[in-house]
Amino acid sequence: MRTGLPLLLGVPALLLAVSACTASAVPCAGVGVDSGVSVTFLRDGYGDLTGASYELCARGECVERALPPGRVTRLRLTLPLDVDPARGPVRLRVTPWQSDDPVIDASTEVELMWQSDGCGGGAYNHTGLAFTKDDGLLTKVPERVMEAWRADLEGSPPASPSTPTPTPTP
C-alpha cells in the first residue's frame, strides 16, 4: 500500500502546476497563419480540366501545380512573411494537360490585408479572390461561387436556378 502513496500525493501537485501554467497562458490562433493569396476557381464552362496545370503568381512569387478533380478548386500561393502588402498584381494561368496554350490567363490588382494570429503577430493575406469563366478574376468571391464550393464539398449536384423544372404534361 505504501508504494501508491507518493504517486497519489504527486497527482495534485502535477494538476496544480498544469493549471497554473494554463491559467496564465493566452490561447493563440497563430498556428497556420501565413502570408499569401487564395483563389476560388469555379470551372463551369471549361469542360474537364483534371490534370491541367495552374500557375498562381503574386509579389514575384509563383506556385505551379496540377488541378485536382472537382467543379470548384481553392488555389493557394504562400508568400514570405515580410511581403509588401501594397496593391499589386495577382495572375492566374491555367493550361490544359498536354498543351502549351493557356485557356485562362487573367490578372487583377489587390492589396494584402493583415490577419492577426491572436498572439501579437500575423501575416498579410488576400483570400477573397475568385475566378469564373463569365466574370474573370474577381477581388471578391460571389455568393454563387461559394454555393458551388459548398455543394462540391458535400458532393451534391449544383443548384441551377436558371434551369426551369420540367412539369408533367397531362
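As a reminder, the structure under discussion sits directly above these lines.
Residues numbered from 1 in each chain as written. Predicted model: local features only at pLDDT ≥ 70, side-chain atom pairs only at ≥ 80, totals over all residues. Heavy atoms only, no water.

What to know about the pairing of strand E1 (residues 35–42)
And then number 1: With eight of eight residues buried, E1 lies mostly within the body of the structure.
And then number 2: The alternating pattern of E1 places Ser35, Val37, Val39 and Phe41 on one face and Gly36, Ser38, Thr40 and Leu42 on the opposite face, and all of these are buried.
And then number 3: Direction of pairing for E1 relative to strand E8 (residues 122–132): parallel, over a ladder of five bridges. By the bridge assignment for E8, Thr40 is matched with Ala130. (Buried < 20%, exposed > 50% of the residue type's maximum accessible area, 1.4 Å probe, protein only. Helix = DSSP H or I, 4+ residues; strand = E, 2+ residues; numbered from the N terminus. Pairing = 2+ DSSP bridges.)

A word on the packing of aromatic side chains
And then number 1: Inspection of every chain in the model, using the stated rule, returns four aromatic pairs.
And then number 2: Seen in terms of ring centroids, Phe41 and Tyr46 are 6.3 Å apart; in terms of plane orientation they differ by 65°. Their pairing is edge-to-face. Here Phe41 matches Tyr46 in class, with each residue buried.
And then number 3: Centre to centre, the rings of Phe41 and Phe131 are 5.7 Å apart; their planes meet at 70°, and the pair counts as edge-to-face. Residue Phe41 is found in strand E1, and its partner Phe131 is found in strand E8; the two are separated by 90 residues along the sequence. (Phe/Tyr/Trp six-rings, centres within 6.5 Å; stacked < 30°, edge-to-face > 60°.)

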